[in-house]
Amino acid sequence: MSKKKELNDLPKSSDNQDELTPWQKANQKYLAEHHKKDEKLHEDSDESVTNQEEQSKDSSNEDEKDELPAFLTEPEESTKQTGPYNGSFLNRLPNLKNQRNKVLMRRLSLIITILGIPLLFLIYYISPYSKLEAVTVTGNELISNQTVIAESKLRIGDNLWTQYWDRNQHVKELKTEQPRVKTAEISFHSINQFELAITEYKDIALIATENKYYPVLENGIVLDQKVDNPTKNLPILEDFKSDAKIKALVKQYNQLSAELQKAISEIKYAPTESNENLLQMNMNDGNQVLVNITNLASQMKYYPQVAKEMQENGVIDMEVGIFSYPYSNSTEEQTETSADEETNQNAVTSTEIESGESTEADQQADESTPSSSSSIENQ
């Protein structure tokens, strides 16, 4: 306030710039500058006071808003910048370097992959791991491991994958060379080894041919492998000369229970003029069964009951119906039959003799007749 008074107290003549001395001009300029500074200070103080009042009002308003329910309060507008941020080039330079490095790494990994995969295949193809090292045979009981491997045409040391893709052909060749093989499957046992799992057909009988015995498999095939000592508990087939009859018999035989199969000791093919499918089976308990090939399985299931009801061993006829009789009756019948056959043969022989004698008498009469006629002519 004192400075304002000083300015007002200046002589009116000082308004005229031409009449003022240089010292007065400098003093007037100095006082004017200080006056502007004082006004700015007063304005700043007034603004600070108003700001404090506004802050106090805002705080009171916020307290009131907190007390009001949520639906009465107005949502505050977000002051975040939604537009893209364009920093300086120096700030964006590290990001550009990182992006460039990522692109380079992707390209480098792609190139390494494209070149590395064929290289790995080439190394594997040259290495011993691509060659078949060994074959493990499982499931074989009667065929040796060496025989199975040799007849399957699997070659140790040859390319592994070529033989694996042709495994079905190897299995087919094995079954052709070995009829005893029922199933075969080739799989990986390790990284360069195979496992050949097989199952074999079982022997169900032995067929007798010229005092030699050959095994008969459960599929009806007769193996060309002579059995020197037939010590197995298998039935002996006799007088079978047709493969069709053998397969028909095997088909029916496989339907029998294990007990009935063990009870049969011998099966003989005994056809007659009226029945070409007749079988004569000798049982281990001493009985004899007559049955057709076609109904062997359906008729033999009654054998245990019929054999139990028999008082002595004999013949069980299942050709037409089922009935049994002891061997003594069959012996008497055979004796009577043989006696009848002898009588018939004797009658035939006597008839032939009588016919022969009559023929000789006729011949003698014929010879005597011309001689008598010649004597009459001479007379």
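Per an unreviewed UniProt entry, the chain goes by the name Cell division protein DivIB and belongs to Enterococcus thailandicus. Here is the UniProt Sequence similarities (unreviewed entry) comment for the chain, exactly as written: "Belongs to the FtsQ/DivIB family. DivIB subfamily." Recorded under Function (unreviewed entry), the UniProt text for the chain is reproduced unchanged: "Cell division protein that may be involved in stabilizing or promoting the assembly of the division complex."

Draft legend 1. Representation of the overall build of the chain. Summing up its helical and strand segments, the chain has eleven helices and eleven strands in all. For the chain, restricting intrachain contacts to residue pairs at least 6 apart in sequence, the fraction spanning at least 24 positions comes to 45%. For the chain, the accessible area works out to roughly 28300 Å², and carbon and sulfur atoms hold 51% of it.

Draft legend 2. How the structure looks around the sheet that holds strand 4 (residues 203-209). With mixed pairing, the eight strands of this open sheet are ordered in space as 5-4-6-7-8-9-10-11. The open sheet has two edge strands with one neighbour each: strand 5 (212-217) and strand 11 (323-326). On average, each strand axis in the sheet is inclined to that of its neighbour by 25°, with strand direction left out of account. Pairing geometry for strand 6 (residues 236-238) and strand 7 (residues 264-269), over three bridges, is parallel. What sits directly across from Leu 237, in strand 7, is Ile 267.

Draft legend 3. Main features of the side chain of Asn 159. Looking at where Asn 159 falls in the secondary structure, it is placed in the loop between helix 4 (145-151) and helix 5 (160-165). Once residues lying within four places of it in the same chain are set aside, the contact partners of Asn 159 are Tyr 125, Ser 130 and Lys 131.

Draft legend 4. Inspection of the nonpolar core at higher detail. In this structure, Phe 240, Met 281, Val 289 and Met 300 are the most contacted members of the largest nonpolar core, which totals 30 residues. The set of elements that each furnish at least two residues to this core consists of strand 4, strand 5, helix 7 (243-253), strand 7, strand 8 (278-283), strand 9 (288-292), helix 9 (296-300) and helix 10 (303-309). For this core, the element with the most residues is helix 7, which contributes four residues. In this structure Met 300 touches Leu 256, Leu 260, Met 281, Met 283, Val 289 and Met 318, once residues within four positions along its chain are discounted. Core analysis: the next-biggest nonpolar cluster, separate from the first, contains 16 residues, Leu 132, Tyr 164, Ala 184 and Ile 198 among them.

Draft legend 5. Examining unusual backbone geometry more closely. For Glu 210, which is not glycine, the phi dihedral falls at a positive 55°. For Glu 210, a relative accessible area of 71% gives the class exposed. For Asn 211, which is not glycine, the phi torsion reads 60° and is therefore positive. You can see Asn 211 is positioned in the loop between strand 4 and strand 5.

Draft legend 6. Molecular detail of the pairing of strand 7. Note: strand 7 against strand 8, five bridges, orientation antiparallel. Residue pairing for strand 8: Ile 267 is matched across the bridge by Met 281.

Draft legend 7. Structural view of the pairing of strand 2 (residues 181-190). Where strand 2 lies against strand 3 (residues 193-200), eight bridges are found, and the strand directions are antiparallel. Bridging across to strand 3, Ile 186 finds its partner in Leu 196. Taken together, strand 2 and the strand that follows it, strand 3, pair antiparallel across an intervening segment of two residues.

Draft legend 8. The environment of Val 315, seen in detail. Relative to the assigned elements, Val 315 resides in strand 10 (residues 314-317). Residue class for Val 315 comes out buried when judged on its relative accessible area of 4%. Taking the C-alpha atoms as reference points, Val 315 and Gln 288, 27 residues apart in sequence, are found 4.8 Å from one another.

Draft legend 9. Representation of the UniProt feature "transmembrane region" (unreviewed entry) in the chain within the structure. The sites that carry the UniProt feature "transmembrane region" (unreviewed entry) are, in the present numbering, residues 108-126. Structurally, residues 108-126 is divided into 100% helix and 0% strand, and its ends, taken at the C-alpha atoms, are 27 Å apart.

Draft legend 10. Broad picture of the pattern of salt bridges. Counted by the stated rule, this structure contains two salt bridges. The shortest N-O distance in the salt bridge between Arg 155 and Asp 158 comes to 2.7 Å. Residue classification places Arg 155 among the partly exposed positions, given a relative accessible area of 47%. With a shortest N-O distance of 2.9 Å, Arg 180 and Asp 203 are connected by a salt bridge. Placement of the pair is Arg 180 in the loop between helix 6 (167-177) and strand 2 and Asp 203 in strand 4, with a sequence separation of 23 residues. Using a relative accessible area of 5% as the deciding quantity, one classes Arg 180 as buried. By relative accessible area, Asp 203 is classed as buried at 18%.

Criteria and thresholds
- Residues numbered from 1 in each chain as written.
- Predicted model: local features only at pLDDT ≥ 70, side-chain atom pairs only at ≥ 80, totals over all residues.
- Heavy atoms only, no water.
- UniProt positions renumbered as here; feature names shortened; annotations may be inferred.
- Helix = DSSP H or I, 4+ residues; strand = E, 2+ residues; numbered from the N terminus.
- Contact = heavy atoms within 4.5 Å.
- Areas by Shrake-Rupley, 256 points an atom, 1.4 Å probe, with all protein chains shown as cover.
- Pairing = 2+ DSSP bridges.
- Axes fitted to C-alpha atoms, helices over the stretch in contact; angles between N-to-C directions.
- Core = buried A, V, L, I, M, F, W, Y, C linked by side-chain atoms within 4.5 Å.
- Buried < 20%, exposed > 50% of the residue type's maximum accessible area, 1.4 Å probe, protein only.
- Salt bridge = Lys/Arg side-chain N within 4 Å of Asp/Glu carboxyl O.

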